[in-house]
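Chain residues, written in single-letter form:
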Amino acid sequence: MGKLIVSLSPHAHGTDTVERNMYGVIIALLPALLVSFFYFGIGSAIVCATSVAACVFFEWAINKYMLKNPRTTVCDGSAVLTGLLLGFNMPSNLPIWIIIIGALFAIGVAKMTFGGLGCNLFNPALVGRAALLVAFPAQMTSWPKAGQLTNYLDAETGATPLYIMKQAIKDGDVSKLNQLPDSLSLLLGDHSLAGGAGALGEVCALALLLGLAYMLWKKIITWHIPVSILGTVFVFSGLLHVANPVYANPIAVLLSGGLMLGAIFMATDYVTSPMTAKGQIIYGVAIGFLTVVIRNWGAYPEGMSFAILIMNAFTPLINNYVKPKRFGEVPAKK
């Protein structure tokens, strides 16, 4: 009778690589990128190109001159993805020097300080955005109107749907919600809105949903995090709307601001999200709940970024709480 030999893991090899997944997410972002070019023109191109170039440069420079790492990681796509997501969280009229500072925080502080890819506790792009929002609140909350294709620093700005919702709650005036665009306009983009259209990556919910479909098809991510976030926001905001009409209807809430961008592309970051399906659902429900709370009662109209960063900090605890049962493990007798 032969012996059963159990070798060390891994026991099977897949086709997944860091490069494949990173560039897969970048491909999924292309529809939203093209839409941002269509609505913001030169402003979108300058912001996105500067953000990507700065993130790649800082990762290369820190690896080479500070960490003395002979193996560069700039070609694995992670720095490009961070730069693109950071650009997607900015207005299209942000000055170049502020974008570069945001990239330094994203790569130098949030990523490389912790040891590089796979070691960071917080999503680098969101750390960069949060740092800029605290340091330059006026510039980071000045939202240009869509359709000004050749304007950059001098683009005309206006109120976003989230700002309108916030003012309605603050003043207790339901009629202010009539200024919101219809659901179809929010789905396709705020080009018909008289006010500001928001950050580059949040202008068109449909483009982001196409990216979600692509990533699910390619099995780059699973449904657990985005669906749990969007479902929680829909239910919670729906209950608030039923209780008091001054809170916007849940469809408008889902399609406004950075909710889709955050739920699909930011919260699903491999490094900063839980590893198990159960943990991802807990994580997603908490993000959705916190987003609605911050949006309605916090200081800022948008709460998605802060909700994700808060739950990034809880990810190790969630992983510890919902650890999968080991193969062959027998529960200890009480």
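Before reading on, note that the structure itself is shown above.
What you see is a predicted model, and the numbers here were worked out from it, not measured in a lab.

Things to note about the overall build of the protein chain
Part 1 of the reasoning: From N to C terminus, the protein chain includes 14 helices and zero strands.
Part 2 of the reasoning: Counting from the amino terminus, the protein chain carries its helices and strands in the arrangement α-α-α-α-α-α-α-α-α-α-α-α-α-α.
Part 3 of the reasoning: Counting across all 334 residues of the protein chain, residues that qualify as buried make up 53%.
Part 4 of the reasoning: Taking contacts inside the protein chain between residues at least 6 apart in sequence as the whole, the part at least 24 apart equals 75%.
Part 5 of the reasoning: Here the protein chain displays about 16300 Å² of accessible surface, and carbon together with sulfur accounts for 68% of that area.

What to know about the nonpolar core
Part 1 of the reasoning: Core analysis: the largest hydrophobic core is formed by 91 residues, its most contacted members being Ile229, Phe265 and Ile287.
Part 2 of the reasoning: With 10 residues, helix H1 (residues 18-40) is the single largest residue contributor to this core.

A word on the pattern of salt bridges
Oppositely charged side chains can pair when the atoms bearing their charge come close.
Part 1 of the reasoning: Scanning the model with the defined rule gives four salt bridges in all.
Part 2 of the reasoning: A salt bridge links Glu59 to Lys111; the shortest N-O distance between them is 2.7 Å. With Glu59 in helix H2 (residues 42-66) and Lys111 in the loop between helix H4 (96-109) and helix H5 (124-135), this residue pair connects regions lying 52 residues apart in the sequence. Lys111 matches Glu59 in its accessibility class, with the two residues each being buried.
Part 3 of the reasoning: With a shortest N-O distance of 2.2 Å, Lys176 and Asp171 are connected by a salt bridge.
Part 4 of the reasoning: The partly exposed category is assigned to Asp171, whose relative accessible area is 42%.

Comments concerning unusual backbone geometry
Part 1 of the reasoning: In this structure, Lys219 takes a positive phi of about 60° despite not being glycine.
Part 2 of the reasoning: The residue Lys219 is located in the loop between helix H9 (205-217) and helix H10 (224-243) in this model.
Part 3 of the reasoning: Look at Lys219 and you get exposed, because its relative accessible area is 68%.

Comments concerning the side chain of Ser36
Part 1 of the reasoning: Residue placement: Ser36 occurs in helix H1.
Part 2 of the reasoning: Beyond its immediate chain neighbours, meaning those up to four positions away, Ser36 contacts Gly41, Ser44 and Leu200.

Topic: a nonpolar patch on the surface
Part 1 of the reasoning: Side chains of Phe57, Trp60, Tyr65, Met66 and Leu67 sit close together on the surface and give an oily, nonpolar patch of about 570 Å² of accessible area.
Part 2 of the reasoning: Tracing the backbone through its elements, the reader meets Phe57 in helix H2.
Part 3 of the reasoning: With a relative accessible area of 45%, Phe57 lands in the partly exposed category.

Side note on the packing of helix H13 (residues 277-297) against helix H14 (residues 304-321)
Part 1 of the reasoning: For the pair H13 and H14, interaxial distance at closest approach is 9 Å and the crossing angle is 150°. Comparing their axes, H14 and H13 come out roughly antiparallel. Crossing of H13 over H14 shows right-handed handedness. Contacts from Gly279, Ile282, Tyr283, Ala286, Ile287, Leu290, Thr291 and Ile294 in H13 reach Met304, Phe306, Ala307, Ile308, Ile310, Met311, Asn312, Thr315 and Ile318 in H14.
Part 2 of the reasoning: Looking at the contact of H13 with H14 residue by residue, the classes come out as 13 nonpolar, four polar and no charged.

Digging into the side chain of Ser237
Part 1 of the reasoning: Structurally, Ser237 is set in helix H10.
Part 2 of the reasoning: The class for Ser237 is buried, based on a relative accessible area of 4%.
Part 3 of the reasoning: At 2.4 Å, the side chain of Ser237 forms a polar contact with the backbone oxygen of Val233.
Part 4 of the reasoning: In this view, Ser237 contacts Ala248, Pro250 and Val253; residues no more than four positions away in its chain are not counted.

Some words on H14
Part 1 of the reasoning: Along its 18 residues, H14 runs 24 Å from first to last C-alpha, staying within 8% of the 26 Å computed at 1.5 Å per residue.
Part 2 of the reasoning: When the local axis directions of H14 are compared, the greatest deviation, roughly 45°, occurs at Phe314, which is followed within four positions by the proline Pro316.
Part 3 of the reasoning: Taken together, the buried positions of H14 are occupied by Met304, Ser305, Ala307, Ile308, Leu309, Met311, Asn312, Thr315, Ile318 and Asn319.
Part 4 of the reasoning: In the core, the buried residues of H14 are packed alongside H5, H10, helix H12 (259-266) and H13.

Parameters at a glance
Residues numbered from 1 in each chain as written. Predicted model: local features only at pLDDT ≥ 70, side-chain atom pairs only at ≥ 80, totals over all residues. Heavy atoms only, no water. Helix = DSSP H or I, 4+ residues; strand = E, 2+ residues; numbered from the N terminus. Buried < 20%, exposed > 50% of the residue type's maximum accessible area, 1.4 Å probe, protein only. Contact = heavy atoms within 4.5 Å. Areas by Shrake-Rupley, 256 points an atom, 1.4 Å probe, with all protein chains shown as cover. Core = buried A, V, L, I, M, F, W, Y, C linked by side-chain atoms within 4.5 Å. Salt bridge = Lys/Arg side-chain N within 4 Å of Asp/Glu carboxyl O. Patch = residues over 30% accessible without salt bridge, like charges linked within 9 Å, V, L, I, M, F, W, Y side chains within 5 Å. Axes fitted to C-alpha atoms, helices over the stretch in contact; angles between N-to-C directions. Parallel < 35°, antiparallel > 145°, perpendicular 65-115°, else oblique. Left-handed = near helix turned anticlockwise from the far one by under 90°. Nonpolar A, V, L, I, M, F, W, Y, C, P; charged D, E, K, R; others polar. Polar contact = N/O pair within 3.5 Å; in protein donor to acceptor, adjacent residues only side chain to side chain. Expected span 1.5 Å × (residues − 1). Bend = angle between axes of the 7 residues up to and from the residue.

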